[in-house]
Amino acid sequence: MALLPILRFPDTRLHTVAAPVTIFDDSIRTLVRNLADTMYEAPGVGLAATQVNVHKQVIVIDVSEARNDLKVLINPRLLKADGIQFCEEGCLSVPGVYEEVQRALHVQVEAHDADGKLFLLEAQDLLAVCVQHEMDHLKGRVFVEYLSRMKQARIRQRIDKELRRKAA
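Residues numbered from 1 in each chain as written. Predicted model: local features only at pLDDT ≥ 70, side-chain atom pairs only at ≥ 80, totals over all residues. Heavy atoms only, no water.

A. Fine view of the layout of surface pockets. Quantified by volume, the largest pocket comes out at close to 410 Å³. Around the largest pocket sit 24 residues that line it, and Val45, Gly90, Cys91, Leu92 and Tyr98 are the ones nearest its centre. If you list the elements that add at least two residues to the lining of the largest pocket, you get strand E4 (85-91), strand E5 (94-103) and helix H2 (125-138). With 6 residues, H2 is the single largest residue contributor to the lining of the largest pocket. When its residues are assigned to classes, the lining of the largest pocket shows 13 nonpolar, 7 polar and 4 charged. Residue lining of the second largest pocket: Arg8, Phe9, Val94, Pro95, Gly96, Val97, Arg158, Ile159, Glu162, Leu163 and Lys166, and that is the complete set. Only E5 and helix H3 (149-167) provide two or more residues apiece to the lining of the second largest pocket. Looking at which element gives the most residues to the lining of the second largest pocket, the answer is H3, with 5 residues. Along the lines of polarity and charge, the residues of the lining of the second largest pocket split into 6 nonpolar, 1 polar and 4 charged. (1 Å grid on protein atoms, 1.4 Å probe; cavity = no way out; pocket = protein on both sides within 12 Å on 5 of 7 lines; lining within 4 Å. Points joined across faces, edges and corners; volume = space filled by probe spheres on them. Helix = DSSP H or I, 4+ residues; strand = E, 2+ residues; numbered from the N terminus. Nonpolar A, V, L, I, M, F, W, Y, C, P; charged D, E, K, R; others polar.)

Below is the structure:
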C-alpha cells in the first residue's frame, strides 16, 4: 500500500490537463491501487490522478457505505448528461470546504478498466456527481471554480490564513 501526497488548491498543478492512458500495464494497475488506498485513507469518495500530480486520465470512486464498490475509470468520456441536481461537494484537494454545485442528475460515461477493457457506466445522484467532479480534475478544473469570484476569494483567504498559521 502506497499513500500518495494530495495536491492542495490553489496549487497550479491541479490545472494540468491529464493525458489519455495508452498502455494498460502493471504501472497503471499499481497507480489504481495507490489511488484507491489514498482515497480510502483520506477518507474520500473519489480521487483523480491529477490530484496526486500524475497527469493521466485515471479516476477511482467508491460511494458505497461499506467502501467495497471501487469503480475505476480510465480515459472516461462523457456520452450523455441530463437532469439537474444541486449537491454539496467537497474535495480532498480543498480540505474543509463544502459548497453547493450544480451538476447533471444522470450521466452515461464510457471508460476503460485497469486492464484496458472498455465499459459503459450509467450513474445518477451521488455517483453522477462524483464522476463529473473527478472528470473535471482530469480537465484541470477544481470544483471551487464553479463558485462566484467572491466565494473563491474567501476560500483562498481561508487557505492562506491556515497556511500562515501552520508555518508559524
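B. Examining the pairing of E5 more closely. Note that E4 and E5 share 6 bridges and pair antiparallel. Directly across from Cys87, in E5, lies its bridge partner Val101. In this antiparallel pair of consecutive strands, E4 and E5, the connection spans 2 residues. (Pairing = 2+ DSSP bridges.)

C. The packing of aromatic side chains, seen in detail. Evaluated as defined, the whole model comprises 0 aromatic pairs. Lying across the ring of Tyr146, Arg141 places its NZ or CZ 3.9 Å from the centre. (Phe/Tyr/Trp six-rings, centres within 6.5 Å; stacked < 30°, edge-to-face > 60°. Lys NZ or Arg CZ within 6 Å of the ring centre and 35° of its normal.)

D. Spotlight on unusual backbone geometry. Cis geometry is found at the peptide bond from Phe9 to Pro10, where omega equals 10°. Tracing the backbone shows Pro10 in the segment before helix H1 (26-41). A positive phi is found at Asn75, a non-glycine position, where the angle reads about 55°. With respect to the secondary-structure elements, Asn75 resides in strand E3 (residues 71-82).

Function cannot be inferred from these measures alone, as they are strictly geometric.
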